[in-house]
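Each chain, written out:
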Amino acid sequence: MRAQCVLCDQIDKIDSVSLLAKQLRKKRKISYLCEECSERITAKTIERKQSPHFKTYQTDEYDEYLR
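Residues numbered from 1 in each chain as written. Predicted model: local features only at pLDDT ≥ 70, side-chain atom pairs only at ≥ 80, totals over all residues. Heavy atoms only, no water.

**Q** Can you help me understand the overall build of the chain in this one?
**A** Counting its secondary structure elements, the chain contains 2 helices and 2 strands. Overall, the chain shows an N-to-C arrangement of helices and strands of β-β-α-α. When the accessible surface of the chain is summed, it comes to about 6700 Å², and 50% of that surface belongs to carbon and sulfur atoms. (Helix = DSSP H or I, 4+ residues; strand = E, 2+ residues; numbered from the N terminus. Areas by Shrake-Rupley, 256 points an atom, 1.4 Å probe, with all protein chains shown as cover.)

What follows is the structure, encoded as structure tokens:
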């Protein structure tokens, strides 16, 4: 099966019986990323999380309106 990367438009050949190929066929909204783009995004995300400006906004476990 051939899959095209969403970011760099590189066409890769993936095994047609692999889990990724099955997911791409079944759920058309899943985007394929090549290994280079995936590694680049992962490295940038880790770098961004380690910066002092990164904040996580977590929801409260207890919500008064849901009583």
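**Q** Looking at this model, I keep getting lost on the environment of Asp12. Mind explaining?
**A** Within the element layout of this structure, Asp12 appears in strand 2 (residues 11-13). The buried category is assigned to Asp12, whose relative accessible area is 18%. Along the sequence, Asp12 and Tyr32 sit 20 residues apart, while their C-alpha atoms lie 9.7 Å from each other. Setting aside residues no more than four positions away along its own chain, Asp12 makes contact with Met1, Arg2, Ala3, Tyr32 and Cys34. Looking at Asp12, its side chain comes within polar contact range of the side chain of Gln10, at 3.0 Å. (Buried < 20%, exposed > 50% of the residue type's maximum accessible area, 1.4 Å probe, protein only. Contact = heavy atoms within 4.5 Å. Polar contact = N/O pair within 3.5 Å; in protein donor to acceptor, adjacent residues only side chain to side chain.)

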